[in-house]
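Architecture and fold: a report
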Amino acid sequence: MKDVVSRADERRMFVSYLGQTMVASEELTLDGFLSLTPTDSAQLAKLKELFELGRFGHMRLSQLSGGQWQRVRLVQSLAKDLPIVLLDEPDAPLDSYWRGILWEQLAERCAAGHVVVVVTHRPNDLSGLATHWLGFEDGGLMVWESHPLVFPRPLVDRLFLGKTLDSP
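Residues numbered from 1 in each chain as written. Predicted model: local features only at pLDDT ≥ 70, side-chain atom pairs only at ≥ 80, totals over all residues. Heavy atoms only, no water.

With that out of the way, let us pick up helix α3 (residues 41–50). Residues spaced three or four apart along an α-helix face the same direction, because each turn holds 3.6 residues. Buried residues of α3: Gln 43, Leu 44, Leu 47 and Lys 48, and no others. Down the axis of α3, the sector holding all buried residues measures 130°, keeping them to one side. The outward face of α3, more than 90 degrees from its buried face, is lined by the exposed residues Ser 41, Ala 42 and Glu 49. Looking at the buried side of α3, the elements it contacts are α2 (30–34), α4 (66–79) and α5 (96–111). Two to three positions downstream of the cap, the backbone nitrogen of Ala 42 sits 3.0 Å from a side-chain oxygen, assigning the N-cap of α3 to Asp 40. Downstream of α3 by a residue or two, Glu 52 has a phi angle that is positive, lying close to 50°. (Buried < 20%, exposed > 50% of the residue type's maximum accessible area, 1.4 Å probe, protein only. Helix = DSSP H or I, 4+ residues; strand = E, 2+ residues; numbered from the N terminus. Arc of directions from axis to C-beta. Contact = heavy atoms within 4.5 Å. Polar contact = N/O pair within 3.5 Å; in protein donor to acceptor, adjacent residues only side chain to side chain.)

This part takes up a nonpolar patch on the surface. Residues Leu 134, Phe 136, Leu 141 and Trp 144 make up a contiguous nonpolar surface patch of roughly 450 Å² in combined accessible area. Listing elements by their share of the nonpolar patch, those giving two or more residues are β4 (133–137) and β5 (140–145). When you line up the elements, Trp 144 lands in strand β5. (Patch = residues over 30% accessible without salt bridge, like charges linked within 9 Å, V, L, I, M, F, W, Y side chains within 5 Å. Areas by Shrake-Rupley, 256 points an atom, 1.4 Å probe, with all protein chains shown as cover. Salt bridge = Lys/Arg side-chain N within 4 Å of Asp/Glu carboxyl O.)

Its place among the elements puts Glu 52 in the loop between α3 and α4. Sequence spacing of Glu 52 and Arg 71 is 19 residues, and the spatial spacing of their C-alpha atoms is 8.7 Å. The contact partners of Glu 52, leaving out residues within four places of it in the chain, are Arg 71, Tyr 97 and Trp 98.

Right, here's the structure in full:
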């Protein structure tokens, strides 16, 4: 059992994960929440400023809007500065301005050699940024495309039309 725990701890040293949803605490403040995760303090300060969260540090998480709460979660995840970042719909509650900031941050991570995996329902936002496109259906890989500048047509057909163009 100890061996399993140590392998899990080892993986946490390399992977930052941001799930699709997380309920904001009624008791914790923004700064209190961010202090729970070991991060580089300079990186944390930079990201708090970039995502314009400094003035909300004293506020309880439950008082933040959905977009503000998501920015806090992004800061927490990105401040870890780990080589692999997994994000499940990180852009869902963000407006176009904040999505742009997020995509810039992720592009910088990729340029620095990090691996970034994003689940999104807004693939056009990632056009020109993504290096690979993957589409899944019923738990299996449906499309794997390594044409970074073009969102793959079979994936568009399947995801957004529900069938391929040659289907009846």
